[in-house]
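# Survey of secondary and tertiary structure
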Amino acid sequence: MTWIDSVRTAAIHGFYMGYFVDVWQESRHHAEQFLREMQLEIPELEMELGEAAVTYAAISAIYRRLNELFPWMQPHEPIADPFRRKDAISLLTEAKELEKTAYGQLEKICAKL
């Protein structure tokens, strides 16, 4: 993943980490809410929608933790702290795997529609 490599090499500025993880967290939070609402509307897919909602809740939580590492207004300079970069790489890697899981869940839901 290019984003992870950018963090690893300190090529990305803290400002962009703060900006993007905030957007990512909010969008995954809304995805979870949407899937929960859809459970009520499409009862025959209740289980699948619920599983996807749980996955998106986990992704949102990871991005929330990243947002704590990189609050919204970061400096416009590379992330110098190697420990924050290491933590960010770990969280981004975990989110990447969960995003793959979520995509597969959504594909299965779409196939059943």
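Scope of this entry: the structure provided in the associated data block. (Residues numbered from 1 in each chain as written. Predicted model: local features only at pLDDT ≥ 70, side-chain atom pairs only at ≥ 80, totals over all residues. Heavy atoms only, no water.)

## Brief notes about the nonpolar core
As a reminder, the rule being used: Note on terminology: a nonpolar core comprises buried Ala, Val, Leu, Ile, Met, Phe, Trp, Tyr and Cys residues joined through side-chain atoms within 4.5 Å. Relative accessibility decides the category of a residue: with a 1.4 Å probe and only protein chains considered, values under 20% of the type maximum give buried, values over 50% give exposed, and everything between is partly exposed. Note on conventions: DSSP H or I runs of at least 4 residues are helices, E runs of at least 2 residues are strands, and numbering of each starts at the N terminus. Contact definition: two residues touch when any of their heavy atoms are within 4.5 Å.
Of all hydrophobic cores here, the largest spans 28 residues; its most connected members are W3, V7, M17, Y63, L66, F70 and L92. Where this core is concerned, the elements lending two or more residues are α1 (2–8), α2 (14–41), α3 (46–69) and α4 (82–112). Element by element, the count of residues in this core is highest for α3, at 9 residues. Discounting residues that sit within four places of it in the chain, Y63 has contacts with V21, W24, Q25, R28, L92, A95 and E99.

## Some details on the packing of aromatic side chains
Convention followed: Each pair of aromatic rings taken from Phe, Tyr and Trp, with Trp reduced to its six-membered ring, is defined by centres within 6.5 Å and is described as stacked if the planes are under 30 degrees apart, edge-to-face if over 60, and tilted in the remaining cases.
One pass over the full model with this rule turns up 7 aromatic pairs. The interplanar angle of 75 degrees and the centroid separation of 5.2 Å between the aromatic rings of W3 and F20 together place this pair among those described as edge-to-face. With a gap of 17 residues between them, W3 in helix α1 and F20 in helix α2 connect regions that are remote in the sequence. For F20, a relative accessible area of 30% corresponds to the partly exposed category. Consider the rings of F15 and Y16, whose centres lie 5.2 Å apart with planes at 85 degrees: the pair is edge-to-face. A relative accessible area of 14% means that F15 is categorised as buried. On the basis of relative accessibility, which here comes to 37%, the residue Y16 falls in the partly exposed class. Taken together through their ring pairs, the aromatic side chains of W3, F15, Y16, Y19, F20, W24 and Y63 make up a single cluster.

## Some thoughts on the packing of α2 against α3
Inclusion rule: To get an axis, fit a line to the C-alpha atoms, keeping to the stretch in contact for a helix; angles then go from 0 to 180 degrees between the N-to-C directions. The labels follow the angle: roughly parallel below 35 degrees, roughly antiparallel above 145, roughly perpendicular from 65 to 115, and oblique for the rest. Should the near helix be turned anticlockwise from the far one by less than a right angle, the crossing is termed left-handed; should it be turned clockwise, right-handed. Under the grouping applied here, Gly and all other residues not named as nonpolar or charged are polar, the nonpolar ones being Ala, Val, Leu, Ile, Met, Phe, Trp, Tyr, Cys and Pro and the charged ones Asp, Glu, Lys and Arg.
For the pair α2 and α3, interaxial distance at closest approach is 8 Å and the crossing angle is 160 degrees. In terms of axis orientation, α2 runs roughly antiparallel to α3. Judged by the sense of rotation from one axis to the other, the crossing of α2 with α3 is left-handed. Classifying every residue of the contact of α2 with α3 gives 15 nonpolar, 7 polar and 6 charged.

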